[in-house]
Amino acid sequence: MTPVTAKDFLLTGFTACLPILTTMAVALLAVMNLQMGKDLSGRSWLSFTIALFISFVMCYLMSMFMANIVANAKMSESLMYIGFFSLIGLLQFQQIFPESIRQILDYLPNFSALEMMHIAWTGGNIFASAALYITLVWTVGFALLTVKFFKYE
């Protein structure tokens, strides 16, 4: 039997989680359109898909890096879902902080990802926003840290 490498575990976990994310995104959009009567026309679906994907990758890599602090690597997948879906509630909390704190929060991984998705959802140009580039820097940083420190047990 061939042993599972850390790279194999990371790629397999990522490909296993991606269909779940896609299903949840489609279900959310369907509920918004069918049950809540929200108009989904006029959106840049390509920008939103790119923003959602980059945010997901960043959260996945962040959770795999944090896997070193939990009992085993499989528990780290729970951290990924917590990290990714905590993006939903962070927007509400960001508004209550003073402007000086909000400027710092804009550089944190989840807040920059949230801002990027907000820009994409409202029809803005994500490629002209700093949030995209901040999120990409965090993604690359977490990728390097994950490759360096992740251990599959």
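Residues numbered from 1 in each chain as written. Predicted model: local features only at pLDDT ≥ 70, side-chain atom pairs only at ≥ 80, totals over all residues. Heavy atoms only, no water.

*Asks:* What am I meant to see in the packing of aromatic side chains here?
*Replies:* Given two aromatic rings, their pairing is described by the distance between the two centres and the angle made by the two planes. In this structure the tally under the stated criterion is 2 aromatic pairs. Between the aromatic rings of Trp138 and Phe142, the centroid separation amounts to 5.5 Å while the plane-to-plane angle is 25°, which identifies the pairing as stacked. Of this pair, Trp138 and Phe142 both sit in helix α6 (residues 130–149), 4 residues apart, which is roughly one turn of that helix. Given a relative accessible area of 30%, Trp138 falls into the partly exposed group. (Phe/Tyr/Trp six-rings, centres within 6.5 Å; stacked < 30°, edge-to-face > 60°. Helix = DSSP H or I, 4+ residues; strand = E, 2+ residues; numbered from the N terminus. Buried < 20%, exposed > 50% of the residue type's maximum accessible area, 1.4 Å probe, protein only.)

*Asks:* Please clarify how α6 should be interpreted in this entry.
*Replies:* For an α-helix, the turn length of 3.6 residues means that residues three or four places apart are oriented alike. With 20 residues, α6 ought to run about 28 Å at 1.5 Å a step, and its terminal C-alpha atoms sit 28 Å apart, in line with that. Along α6, the residues classified as buried are Ala131, Leu132, Ile134, Thr135, Thr139, Phe142 and Thr146. Buried residues in α6, looked at end-on, bunch into an arc of 160°, giving them a common side. Away from its buried face by more than 90 degrees, α6 exposes Ala130, Val137, Leu144, Val147 and Lys148. (Expected span 1.5 Å × (residues − 1). Arc of directions from axis to C-beta.)

*Asks:* How do you make sense of helix α5 (residues 109–121) when you look at a structure like this?
*Replies:* An ideal rise of 1.5 Å per residue puts 18 Å on 13 residues; α5 measures up with 18 Å between its terminal C-alpha atoms. Of all 13 residues making up α5, 11 are buried, and the element is well covered by its neighbours. Listing the buried residues of α5 in full gives Pro109, Asn110, Phe111, Ser112, Ala113, Leu114, Met116, Met117, Ile119, Ala120 and Trp121. Looking at the residues trailing α5, positive phi occurs at Gly123, about 90°.

*Asks:* Hey, could you run me through the packing of helix α2 (residues 45–66) against α6 in this one?
*Replies:* A pair of packed helices is captured by two measures, namely the crossing angle of their axes and the spacing between those axes. In the contact formed by α2 and α6, the axes pass within 8 Å of each other and the chain directions differ by 30°. Crossing of α2 over α6 shows left-handed handedness. Mapping the contact onto sequence places Ile54, Val57, Met58, Leu61, Met62, Met64 and Phe65 in α2 and Leu132, Thr135, Leu136, Trp138, Thr139, Phe142, Ala143, Leu145, Thr146 and Phe149 in α6. (Axes fitted to C-alpha atoms, helices over the stretch in contact; angles between N-to-C directions. Left-handed = near helix turned anticlockwise from the far one by under 90°. Contact = heavy atoms within 4.5 Å.)

*Asks:* How do you make sense of the nonpolar core when you look at a structure like this?
*Replies:* A general feature of soluble globular proteins is that nonpolar side chains tend to end up buried together. Grouped together as the largest cluster of nonpolar side chains are 30 residues, with contacts concentrated most on Leu52, Met58, Tyr60, Met64, Met116 and Phe150. Broken down by secondary-structure element, the contributors of at least two residues to this core are α1 (6–34), α2, α5 and α6. Of the residues forming this core, the biggest block, 12 residues, is contributed by α2. (Core = buried A, V, L, I, M, F, W, Y, C linked by side-chain atoms within 4.5 Å.)

*Asks:* How should I be thinking about a nonpolar patch on the surface in this particular structure?
*Replies:* On the surface, Ile96, Phe97, Ile101 and Ile104 cluster together into a nonpolar patch covering about 380 Å² of accessible area. By relative accessible area, Ile101 is classed as partly exposed at 34%. (Patch = residues over 30% accessible without salt bridge, like charges linked within 9 Å, V, L, I, M, F, W, Y side chains within 5 Å. Areas by Shrake-Rupley, 256 points an atom, 1.4 Å probe, with all protein chains shown as cover. Salt bridge = Lys/Arg side-chain N within 4 Å of Asp/Glu carboxyl O.)

*Asks:* What is the right way to look at the environment of Met64 in this model?
*Replies:* Tracing the chain through its elements places Met64 in helix α2. As for Met64 and Val147, which are separated by 83 residues in sequence, their C-alpha atoms are 9.3 Å apart.

*Asks:* Teacher, can you tell me more about the packing of α2 against α5 here?
*Replies:* Contact geometry of α2 with α5 gives a least axis separation of 8 Å together with a crossing angle of 165°. With respect to α5, the element α2 is oriented roughly antiparallel. The handedness of the crossing between α2 and α5 comes out as left-handed. Residues Trp45, Ser47, Phe48, Ala51, Leu52, Ile54, Ser55, Met58, Cys59 and Met62 of α2 lie in contact with α5, whose contacting residues are Pro109, Asn110, Ala113, Met116, Met117, Ala120 and Trp121. Here the residues of the contact of α2 with α5 are counted per class, giving 14 nonpolar, 3 polar and no charged. (Parallel < 35°, antiparallel > 145°, perpendicular 65-115°, else oblique. Nonpolar A, V, L, I, M, F, W, Y, C, P; charged D, E, K, R; others polar.)

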